[in-house]
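Listed below, chain by chain, are the residues.
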Amino acid sequence: MTRRSGKLLAGAALVAVAALALAGCSSSSTPSASGSATPAAKVIKVGALTPGNTNDGAFNQALADALQKLKDEGLIDYQLRDQMADPATSEPVITDFASQGYDLIIGHGIELSDAIFNVAKQFPDVKFTASGGEDVLTKGTANVEGWTYSTPQVGYLSGYIAGLTQASPIGRVESLELDFVKATDGFFQQGVTAANPSATLLPPVYAGSFDDAQAAATATTGLIGQGAKLVYTTGDGIATGVGSAAAAGGVLSVGVSSAAGTAALANNVSTVDLDMYPIVKGWVEEVANGGFGNKGVTSTLENGGITFQPINTVGGKVPSDVATKVDEQIKGIIDGSVTIG
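Residues numbered from 1 in each chain as written. Predicted model: local features only at pLDDT ≥ 70, side-chain atom pairs only at ≥ 80, totals over all residues. Heavy atoms only, no water.

Draft legend 1. Structural detail: the nonpolar core. Core analysis: the largest hydrophobic core is formed by 58 residues, its most contacted members being I106, W147, V280 and W283. When residues in this core are grouped by element, the largest group, seven residues, is from helix α4 (residues 151-164). Excluding its chain neighbours within four sequence positions, the residues that come into contact with W283 are L104, I106, T129, E145, W147, M276, F292 and V297. Counting 21 residues, the second largest nonpolar core, distinct from the first, contains A98, Y102, V126 and F128. (Core = buried A, V, L, I, M, F, W, Y, C linked by side-chain atoms within 4.5 Å. Buried < 20%, exposed > 50% of the residue type's maximum accessible area, 1.4 Å probe, protein only. Helix = DSSP H or I, 4+ residues; strand = E, 2+ residues; numbered from the N terminus. Contact = heavy atoms within 4.5 Å.)

This is the structure:
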């Protein structure tokens, strides 16, 4: 699915996305019925940075897709720079955006957080967003808002889907042995147990990178050798390796991104994804209408910031009622009858 909102600690703060509506986005004034000019709504100018490739089918692409949709709706113009994980590279780009008069600058990934806060101090009239763990939600300033996603929901829902397949043992290929990765894995295990208490989970294997597909493929092959009938991954570049190796080994996968290709996706049951559109639209509306700053937002199932791919029954290997059970579980998470953690 996703990696670095950034490299997250577990957090489930639920903050509603703004729901104000923007007017049409003409670049010139239109005479009113009385003959006076009606000011046109402003098209918000957005500068955005991602730490990785925007064609990853996961975390980075989620922002790219949201920006393009908002541009198609006439709400924004934007420039997006990827491969900005190094602060030495990203901070000058952020400064350049701010100097050029961009209205909103989005740092999509914890790798960009420090640079965002540093530059924001120098440009109090420009609006910025910073990604991070749950703590970023408390760091908002007058011109910076924080964003994270619900690690418990992502991990639990992924595990619940994996458990419903009845495949066992279940292997996991993770990126780096970081706190947020381990926390996500804990919620994944909880979801598996809720769906299938008898499932066996093999110890997780760490690829040592978010993007090393070859290392992830090797790890997946090793897990299949240990008997894994399903392999879960948290997405990004490693998902391509997991997906290809799982398909080659004839086992199921959960968490493989669209970038892995058709053959890999054929064995992928589902992937829990981010949808950045409602989150970014909320920021854009706040910039246009006021009210931006001093707060944070969490992507959740409730606000549409977390979604999942339609259930793939993989030619009958997956029970036909999985989709229905997943829908019921999501309703329970939203109404509070299902407790995570």
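Draft legend 2. Representation of the side chain of S113 in the model. With respect to the helices and strands, S113 occurs in helix α3 (residues 113-122). Apart from residues no more than four positions distant in its own chain, S113 is found in contact with A130 and S131.

Draft legend 3. Inspection of the sheet that holds strand β7 (residues 144-149) at higher detail. Ordered by their spatial adjacency, six strands build an open sheet running β4-β3-β5-β6-β7-β13, and the pairing between neighbours is parallel. A single partner strand is all that each edge strand has here, and the edge strands are β4 (76-81) and β13 (296-299). When the angles between neighbouring strand axes are averaged without regard to direction, this sheet yields 20 degrees. Pairing of strand β5 (residues 104-107) with strand β6 (residues 127-131), which is carried by four bridges, proceeds in the parallel orientation. The residue bridging I105 from the neighbouring strand is F128, located in β6. (Pairing = 2+ DSSP bridges. Axes fitted to C-alpha atoms, helices over the stretch in contact; angles between N-to-C directions.)

Draft legend 4. Structural detail: the packing of helix α2 (residues 87-99) against α3. It is the contact of α2 with α3, at a shortest axis distance of 9 Å, that shows an interaxial angle of 35 degrees. Here α2 and α3 pass one another in a crossing that is right-handed. Across from S90, E91, I94, T95 and A98 in α2, the residues of α3 making contact are A115, I116, N118 and V119. Counted by class, the contact of α2 with α3 contains five nonpolar, three polar and one charged residues. (Left-handed = near helix turned anticlockwise from the far one by under 90°. Nonpolar A, V, L, I, M, F, W, Y, C, P; charged D, E, K, R; others polar.)

Draft legend 5. Just unusual backbone geometry, in detail. The omega torsion of the bond from S168 to P169 falls at 0 degrees, within 30 degrees of zero and hence cis. Positive phi outside glycine occurs at Q166, with the angle close to 70 degrees. Relative to the assigned elements, Q166 resides in the loop between α4 and β8 (170-174). For Q166, a relative accessible area of 45% translates into the label partly exposed. If you check the backbone angles, N294 has positive phi at about 60 degrees while not being a glycine. Its place among the elements puts N294 in the loop between α9 (277-289) and β13.

Draft legend 6. Up close: the packing of aromatic side chains. With the rule as written, the count across this model stands at five aromatic pairs. Ring centres of F97 and Y102 lie 4.8 Å apart, and the angle between their planes is 55 degrees; on these two criteria the pair is classed as tilted. With respect to burial, F97 and Y102 carry one shared label: buried. Here W147 and Y149 contribute two aromatic rings whose centre-to-centre distance is 6.3 Å and whose plane-to-plane angle is 50 degrees, an arrangement assigned as tilted. Among the aromatic residues, those joined into a cluster by ring pairs are F59, W147 and Y149. Above the plane of the ring of Y102 lies K45, whose end atom (NZ or CZ) is 4.5 Å from the centre. The cationic tip of K69 hangs over the ring face of Y277; the distance from NZ or CZ to the ring centre is 4.1 Å. (Phe/Tyr/Trp six-rings, centres within 6.5 Å; stacked < 30°, edge-to-face > 60°. Lys NZ or Arg CZ within 6 Å of the ring centre and 35° of its normal.)

Draft legend 7. Looking closely at the pairing of β7. With respect to burial, β7 is a largely interior element, six of its six residues being buried. Because side chains alternate across β7, one face comprises the buried residues V144, G146 and T148, and the other comprises E145, W147 and Y149, equally buried. Taken together, the four bridges between β6 and β7 define a ladder with parallel strand orientation. The residue bridging F128 from the neighbouring strand is V144, located in β7.

Draft legend 8. Fine view of the packing of helix α1 (residues 59-72) against α9. Contact pair α1 / α9: the axes reach a minimum separation of 9 Å and the direction vectors enclose 50 degrees. Relative to α9, the element α1 is oriented oblique. Between α1 and α9 lies a crossing of right-handed hand. Along the contact surface, α1 presents L63, A66, L67, K69 and L70, while α9 presents Y277, V280, K281 and V284. Its residues assigned to classes, the contact of α1 with α9 shows seven nonpolar, no polar and two charged. (Parallel < 35°, antiparallel > 145°, perpendicular 65-115°, else oblique.)

Draft legend 9. A look at the sheet that holds β8. Within the open sheet, the four strands sit side by side as β9-β8-β10-β11. Their pairing is parallel. A single partner strand is all that each edge strand has here, and the edge strands are β9 (205-206) and β11 (252-254). Where strand β10 (residues 230-233) meets β11, three bridges bridge the pair, whose relative direction is parallel. By the bridge assignment for β11, V231 is matched with S253. Lying over the sheet, α4 contacts β8, β10 and β11, oriented at roughly 165 degrees with respect to β11. Each of β8, β9 and β10 is contacted by helix α6 (residues 213-225), which is oriented at about 165 degrees to β8, the strand it contacts most.

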